[in-house]
Amino acid sequence: MQIGVPLEIRAGERRVAATPETVKKLAALHSVFVQAGAGLSANIPDSEFEAAGAKIVEDAKALYAAAQLILKVRGLEASEFGLVRDDAILVGLLSPHEKEKMQTYSDRGLTAFALESIPRISRAQSMDVLSSQANIGGYKSVILAANAYGRFFPMLMTAAGTVKAARVLVLGVGVAGLQAIATAKRLGAVIEAFDVRPAVKEQVLSLGAKFVEVPLSEGEAAETSGGYAKEMSEDYKRKQAELIHARAIQSDIVITTALIPGRPAPVLLKEETVAAMKHGSVVVDMAVEFGGNCPLSEKDSVVEKHGVTLIGYSNLPAMMASDASALYARNMLNFINLLFEAKTGELKIDREDEIIAGTLISMNGELVKK
Ligand code: NAI
């Protein structure tokens, strides 16, 4: 198999889908082609890919002409569609909820896998790109907040007097939220966290944060069988808005990570709440790509409204491209190993496999996920 690793061209994307570590493993059974400069923004020079066994090709045209299996971070841009081979297999973060985009992959005759749809089962943990990248995003959100906040995070007792610890509120405690709590804790902040899923309470407490909660009405469930959050009732949302308002106006930093798969992000931090927050407070809206948890945040911008700095970067993992690529590339390698016979390296796509079935968007032009 000829495996290709292109340079990502989506604006702001600095990650790369393979590293010398994963190329070395792939090159034992396959030919690996890496586009010149593909790893540079993740601090991987071409020479390191070459030393790992890859052949460096000059441009995207040559790369896509060679690649039977394309390892990508983001989906194909319009200019790339014309370059791919008719028999290509594409693996990456393809935004599977965008149905029209998925149609374009099948119209082009490609076999395409969306890594966001890897099921959250224990066998797939080593392939779970959403977790590996959300973990990085959660960390970076706190670093950005600390940088934008004009005060200390830890409580300090100095000869010039005492400095109060920053108060951080984390809304949505999945993988990103848990890492945000852990990172803010390391910096010495006092943390509160909220999630619709009561199941996360124990995890929040074990990280040394306080869990604030809205009691669920009788018979109301917050979680799907897959462990994801559900859209909540109007009554719940009203109580939730009151609770968040009360906690946010006491906080210095609010980090929001709340997502509901396949739906717009829930609005948690309303304009009136931001307007009532302390001057100099910071909000990091990690849900900005899916509409945002705060209507005032703006995608890929830092804005100041009502004296509050709102940070809306949509691709935090790309801001830590070296580690993000290292983890993503390992997830990718573990996933594509499923596509081959272990010993011979022969391609074998087993559509009965739960992980393959979960991620397969189109196969040889057939739209599998409608
Ligand atoms: P996510 O990125 O889909 O959402 C982030 C958080 O937002 C979730 O905790 C969700 O409950 C919360 N949320 C949604 N609506 C909300 C609202 N209105 N108010 C407050 N919070 C709200 O979540 P992520 O990080 O992808 O995790 C989803 C689930 O998958 C979790 O149960 C997690 O423990 C589980 N998981 C399982 C893994 C495995 O078994 N391999 C690996 C990673 C996660």
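Conventions used here
Residues numbered from 1 in each chain as written. Predicted model: local features only at pLDDT ≥ 70, side-chain atom pairs only at ≥ 80, totals over all residues. Heavy atoms only, no water. Domains from an automatic or database assignment. Contact = heavy atoms within 4.5 Å. Buried area = accessible area lost by both parts, 1.4 Å probe. Salt bridge = Lys/Arg side-chain N within 4 Å of Asp/Glu carboxyl O. Pairing = 2+ DSSP bridges. Helix = DSSP H or I, 4+ residues; strand = E, 2+ residues; numbered from the N terminus. Near = heavy atom within 4 Å. Polar contact = N/O pair within 3.5 Å; in protein donor to acceptor, adjacent residues only side chain to side chain. Areas by Shrake-Rupley, 256 points an atom, 1.4 Å probe, with all protein chains shown as cover. Nonpolar A, V, L, I, M, F, W, Y, C, P; charged D, E, K, R; others polar. Buried < 20%, exposed > 50% of the residue type's maximum accessible area, 1.4 Å probe, protein only. Axes fitted to C-alpha atoms, helices over the stretch in contact; angles between N-to-C directions.

On domain assignment, one finds that the protein holds domain 1 (2-117 + 321-362) and domain 2 (134-315). Between domain 1 and domain 2, the C-alpha centre-to-centre distance is 34 Å. In this assembly, 8 residues from domain 1 lie in contact with 5 residues from domain 2. Taken over both partners, the interface formed by domain 1 and domain 2 buries close to 430 Å², and the fraction arising from carbon and sulfur atoms is 50%. Here domain 1 is connected to domain 2 by 1 salt bridge.

Turning to the sheet that holds strand S14 (residues 302-305), a few remarks are in order. With mixed pairing, the 7 strands of this open sheet are ordered in space as S11-S10-S9-S12-S13-S15-S14. Two strands bound the open sheet, and with one partner strand each, they are strand S11 (210-211) and S14. Of the pairings in the sheet, the one linking strand S12 (residues 253-256) to strand S13 (residues 282-285) comprises 4 bridges and is parallel in character. Directly across from Val254, in S13, lies its bridge partner Val283.

Taken together, 22 residues form the shell around the ligand, and within it Arg120, Val175, Asp195, Arg197 and Gly227 come nearest. Within the backbone of Leu259, a nitrogen or oxygen atom sits 3.5 Å from an oxygen atom of the ligand. A total of 840 Å² of accessible area belongs to the ligand in isolation, and the protein chains cover 84% of it. The residue makeup of the shell around the ligand, split by class, is 11 nonpolar, 7 polar and 4 charged.

Throughout the structure, instances matching the rule amount to 25 salt bridges. Salt-bridge contacts for Glu80 lead to Lys72; the nearest nitrogen and oxygen are separated by 3.7 Å. Residue classification places Lys72 among the buried positions, given a relative accessible area of 1%. As a salt-bridge pair, Lys237 and Glu231 come within 2.9 Å of each other at their nearest N and O atoms. On the basis of relative accessibility, which here comes to 35%, the residue Glu231 falls in the partly exposed class. When salt bridges that share partners are traced, they join Glu13, Arg15, Arg74 and Glu289 into one network.

Pairing is mixed in the open sheet, where 8 strands are placed in the order S3-S2-S1-S4-S5-S6-S16-S17. Looking at the sheet topology across the chains shown, the edges are occupied by strand S3 (55-57) and strand S17 (366-367). Strand direction decides the pairing type here: strand S2 (residues 31-35) and S3, joined by 3 bridges, are parallel. In the strand pairing of S3, Gln35 is matched with Val57. With respect to the sheet, helix H11 (residues 321-336) is in contact with strand S4 (69-74), strand S5 (89-93) and strand S6 (111-114), its orientation differing from that of S4 by roughly 145 degrees.

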